[in-house]
Amino acid sequence: MKKTMILGASTNPARYSYLVANKLVRKGFPIVNVGRKVGTVAGAEIEPAETIHQDIDTITLYVGPQNQAPYYDYILKTNPKRIIFNPGAENAELADKARAQGIEVVEACTLVMLNTGQF
C-alpha cells in the first residue's frame, strides 16, 4: 500500500486533511501526519516536519502556497514518488522543484481520488 504523508494534518473533523487521514486508514493505507499542532488523527500522531521519512509514496498537501516555502526542503528530502496539490495548495514553484527531482506532480483532490479509485 502507498504510505501517504498528510502535510497540514489537523485534528479538526471539518478539515479535509482530517477526512482524508481517516479515509486512507479505512482503506488500509499507512499514513504519516505532519502538522504544526499536536494531536492524533486516524490513530497516527501529528508530528512536526523534522523526521525525514524514506518510505513515503505520496505527500498530499493541505498547506496553502503562501505557507509552503518553509517545507520545501523537507518535502524534497522526503523524496516521495508523487505530490498531490489539493485545491488551494497549488504552487508552481514547488511543483517545478519536485518535477526537477523526478517527483510526479498531481493537482487534484485526494478525497475525490480515493472515492473514485484513482488514488
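Whatever comes next refers back to the structure up there.
These notes cover the structure that comes with them. (Residues numbered from 1 in each chain as written. Predicted model: local features only at pLDDT ≥ 70, side-chain atom pairs only at ≥ 80, totals over all residues. Heavy atoms only, no water.)

Considering the overall build of the protein chain
Logical step 1: Of the regular secondary structure elements, the protein chain holds 4 helices and 7 strands.
Logical step 2: If you list the helices and strands of the protein chain from N to C, you get β-α-β-β-β-β-α-β-α-β-α.
Logical step 3: Its C-alpha atoms give the protein chain a radius of gyration of 13 Å, near enough to 14 Å, the size a compact globule of 119 residues would have.
Logical step 4: Seen through its principal axes, the protein chain has C-alpha atoms that stretch 35 × 30 × 25 Å.
Logical step 5: Counting the 119 residues in the protein chain, one finds 47% classified as buried.
Logical step 6: Counting only contacts in the protein chain whose residues sit at least 6 apart along the sequence, the fraction spanning at least 24 positions is 54%.
Logical step 7: For the protein chain, the exposed surface amounts to about 6,200 Å²; the carbon and sulfur share of it is 49%. (Helix = DSSP H or I, 4+ residues; strand = E, 2+ residues; numbered from the N terminus. Rg over C-alpha atoms; globule rule 2.2 N^0.38 Å. Buried < 20%, exposed > 50% of the residue type's maximum accessible area, 1.4 Å probe, protein only. Contact = heavy atoms within 4.5 Å. Areas by Shrake-Rupley, 256 points an atom, 1.4 Å probe, with all protein chains shown as cover.)

Description of the environment of Thr-40
Logical step 1: Considering the arrangement of structural elements, one finds Thr-40 in strand β3 (residues 40-41).
Logical step 2: With a relative accessible area of 40%, Thr-40 lands in the partly exposed category.
Logical step 3: Distance in space between the C-alpha atoms of Thr-40 and Ala-108 is 25 Å, their sequence separation being 68 residues.
Logical step 4: What Thr-40 contacts, discounting residues up to four positions off in sequence, is Thr-11 and Glu-45.
Logical step 5: Within polar-contact distance, the side chain of Thr-40 engages the side chain of Glu-45 at 2.6 Å. (Polar contact = N/O pair within 3.5 Å; in protein donor to acceptor, adjacent residues only side chain to side chain.)

Examining the sheet that holds strand β6 (residues 82-85)
Logical step 1: Spatial ordering of the open sheet is given by β3-β4-β2-β1-β5-β6-β7, a layout of 7 strands whose pairing is mixed. Each of the sheet's edge strands pairs with one partner strand only, and the pair in question is β3 and β7 (104-107).
Logical step 2: Pairing between β3 and strand β4 (residues 44-47): 2 bridges, direction antiparallel. The residue of β4 that forms the bridge with Thr-40 is Glu-45. (Pairing = 2+ DSSP bridges.)

Considerations on the pairing of β7
Logical step 1: Two elements, β6 and β7, share 4 bridges in a ladder whose sense is parallel. The partner of Ile-83 across the bridge, within β7, is Val-105.
Logical step 2: In this view, the connection linking β6 to its parallel neighbour β7 by way of helix α3 (residues 92-100) has right-handed handedness. (Right-handed = clockwise from strand over helix to strand, strands pointing away.)

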